[in-house]
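Listed below, chain by chain, are the residues.
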Amino acid sequence: MAVGYKGYQIDYRRPLGEPALVAPTSPQWRVFKNPIAIAIGGVAAVLLEFADARIRSGVWDHSTYKLDPIGRSKRTGIAAMAGVFGPASAARRIIGGVNRMHRKVVGETPNGEAYRALDPELLDWVSATAAYGFLEAYHRFVSPLSEEDRRTYYRDGEPIARLYGVENPLSSDADFFAMLDRLLPRFEAHPINLEFLAIIQSGKAASAVPKILHRALARAAISLLPDAVRDRLELGAEFDLTVTDRLLLRTAGKLADKVRSRQSPAWQAAQRLGLPGEFSWLSPAKQRKMVGERASVRPGHAATLT
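Let me sum up the structure you'll find in this document.

Parameters at a glance
- Residues numbered from 1 in each chain as written.
- Predicted model: local features only at pLDDT ≥ 70, side-chain atom pairs only at ≥ 80, totals over all residues.
- Heavy atoms only, no water.
- Core = buried A, V, L, I, M, F, W, Y, C linked by side-chain atoms within 4.5 Å.
- Buried < 20%, exposed > 50% of the residue type's maximum accessible area, 1.4 Å probe, protein only.
- Contact = heavy atoms within 4.5 Å.
- Axes fitted to C-alpha atoms, helices over the stretch in contact; angles between N-to-C directions.
- Helix = DSSP H or I, 4+ residues; strand = E, 2+ residues; numbered from the N terminus.
- Parallel < 35°, antiparallel > 145°, perpendicular 65-115°, else oblique.
- Expected span 1.5 Å × (residues − 1).
- Salt bridge = Lys/Arg side-chain N within 4 Å of Asp/Glu carboxyl O.
- Polar contact = N/O pair within 3.5 Å; in protein donor to acceptor, adjacent residues only side chain to side chain.
- Patch = residues over 30% accessible without salt bridge, like charges linked within 9 Å, V, L, I, M, F, W, Y side chains within 5 Å.
- Areas by Shrake-Rupley, 256 points an atom, 1.4 Å probe, with all protein chains shown as cover.
- Lys, Arg positive; Asp, Glu negative; His and termini not counted.
- Charge placed at Lys NZ, Arg CZ, Asp CG, Glu CD.

## Focus on the nonpolar core
Counting residues in each nonpolar core, the largest one holds 84 residues, and the members touching the most others are Trp29, Phe32, Ile40, Phe85 and Trp125. Sequence-distant contacts of Phe85, that is, excluding residues within four places in its chain, are made with Tyr12, Ala20, Trp29, Phe32, Lys33, Pro265, Ala266, Ala269 and Arg272.

Following this line, the structure appears as structure tokens:
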């Protein structure tokens with residue numbers, strides 16, 4: 001099934017055999033297949049981005065976010081999925097389109113500071129918030145990841161980040177916190193942050209899902225923010241994650257990690273590569289064994305799978 005994005009069609013099942021930008025054995029595929037981790041991590045990433053007035057102004061003034069926040073968020077999610085699971089050629093087209101839109105994003109914050117979306121510092125931070133947010137959400141609410149897996153996850157995301165113009169992609173958690181420390185003095189509370197959280201908690205993004213889960217999701221995202229960021233954004237005790245929230249989200253996260261959806265990008269991308277659709281739901285050991293067996297039968301094919 002092809003998915004539309006800004007005039008582009010993404011078919012995760014075709015062309016047959018075309019590799020993605022990220023190998024299917026990567027922790028990236030494990031993390032991005034889980035919708036709970038992506039939802040929580042995505043909200044955390046937006047909060048970290050909106051903490052900086054330059055990014056907040058750029059998004060609010062130059063996108064459809066304030067008019068269609070749900071649609072805009074879904075399009076961002078599609079672009080992220082295409083980068084990990086899509087055929088490399090389709091992913092490059094979509095990322096190129098995003099970059100062309102970003103060239104037009106220039107302006108001034110309410111305090112008169114000039115900004116442009118293609119500023120290397122802003123590109124680095126936006127990429128960092130997404131990478132860290134998705135990874136940390138999976139780690140805390142789905143399944144813990146080893147230090148080796150975390151480093152591999154960051155390393156495997158570098159080709160995608162570079163296509164977006166990122167000059168300093170993360171290679172470790174330490175890189176994220178170093179970048180955060182440099183930007184922290186700029187962070188500030190703002191009504192737009194609260195407006196964004198109200199949209200998330202309203203349940204409009206997925207009306208079939210109980211509102212209690214949306215409220216828990218918003219609190220979970222805030223729980224991923226380092227304490228210093230949360231203090232800067234003035235997100236107080238009313239946003240604390242409750243015991244019920246934590247239990248609810250961990251149950252949902254683990255359940256989502258077991259649901260083998262044939263409509264998911266992970267399933268269809270695996271089929272494109274000649275792998276079983278359930279490949280992303282297998283253990284890393286089984287994945288490595290399967291890839292090794294295929295490589296021995298089809299020499300030269302391993303490059304697309306590892």
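Further notes follow.
## As for the packing of helix H2 (residues 35–50) against helix H12 (residues 243–256)
Helix packing for two helices is described by the angle between their axes and how far apart those axes are. Running from amino to carboxyl end, H2 crosses H12 at an angle of 130°, the nearest separation of the two axes being 7 Å. Looking at the two axes, H2 sits oblique to H12. Contacts between H2 and H12 involve Pro35, Ile36 and Ile40 on the former and, on the latter, Leu249, Ala252, Gly253 and Ala256.

## Describing helix H7 (residues 147–163)
End to end, H7 covers 26 Å across 17 residues, agreeing with the expected 24 Å (1.5 Å per residue, within 8%). If you check which residues of H7 are buried, you get Arg150, Thr152, Tyr153, Tyr154, Asp156, Gly157, Ile160 and Ala161. Trailing H7 by a residue or two, Gly165 shows a phi angle of about 90°, which is positive.

## Some thoughts on helix H5 (residues 88–103)
The end-to-end C-alpha distance of H5 is 23 Å, a good match for the 22 Å that 16 residues give at a rise of 1.5 Å each. All buried positions along H5 are accounted for by Ala88, Ala90, Ala91, Ile94, Ile95, Gly96, Gly97, Val98 and Asn99.

## Observations regarding the pattern of salt bridges
Scanning the model with the defined rule gives 18 salt bridges in all. For the salt bridge of Glu147 with Arg151, the shortest nitrogen-to-oxygen distance reads 3.6 Å. Here the residue Glu147 and the residue Arg151 both occupy positions in helix H7, the gap between them amounting to four residues, near one helical turn. Linked by salt bridges that have partners in common, Asp52, Arg54, Glu113, Glu121 and Arg186 make up one network.

## Some points on the environment of Gly96
Turning to its location among the elements, Gly96 is positioned in helix H5. For Gly96, a relative accessible area of 18% translates into the label buried. Residues Gly96 and Leu163, spaced 67 residues apart in sequence, show a C-alpha to C-alpha distance of 7.8 Å.

## Describing the side chain of Asp52
Mapped onto the elements of the fold, Asp52 is located in the loop between H2 and helix H3 (53–62). For Asp52, a relative accessible area of 1% gives the class buried. Separated by 2.9 Å, the side chain of Asp52 and the backbone nitrogen of Arg54 make a polar contact. With residues near it in sequence (within four places) discarded, Asp52 still touches Leu122, Leu183, Arg186 and Phe187.

## Some points on a positive patch on the surface
Side chains of Arg246, Arg250, Lys254 and Lys258 sit close together on the surface and give a patch of like positive charge. Residue classification places Arg246 among the partly exposed positions, given a relative accessible area of 34%.

## With respect to the environment of His139
Examined against the element boundaries, His139 turns out to sit in helix H6 (residues 120–141). What makes His139 partly exposed here is its relative accessible area of 24%. Apart from the residues lying within four places of it in its own chain, the contact partners of His139 are Pro144, Leu145 and Arg150. Of note is the side chain of His139, whose polar atom sits 2.9 Å from the backbone nitrogen of Leu145.

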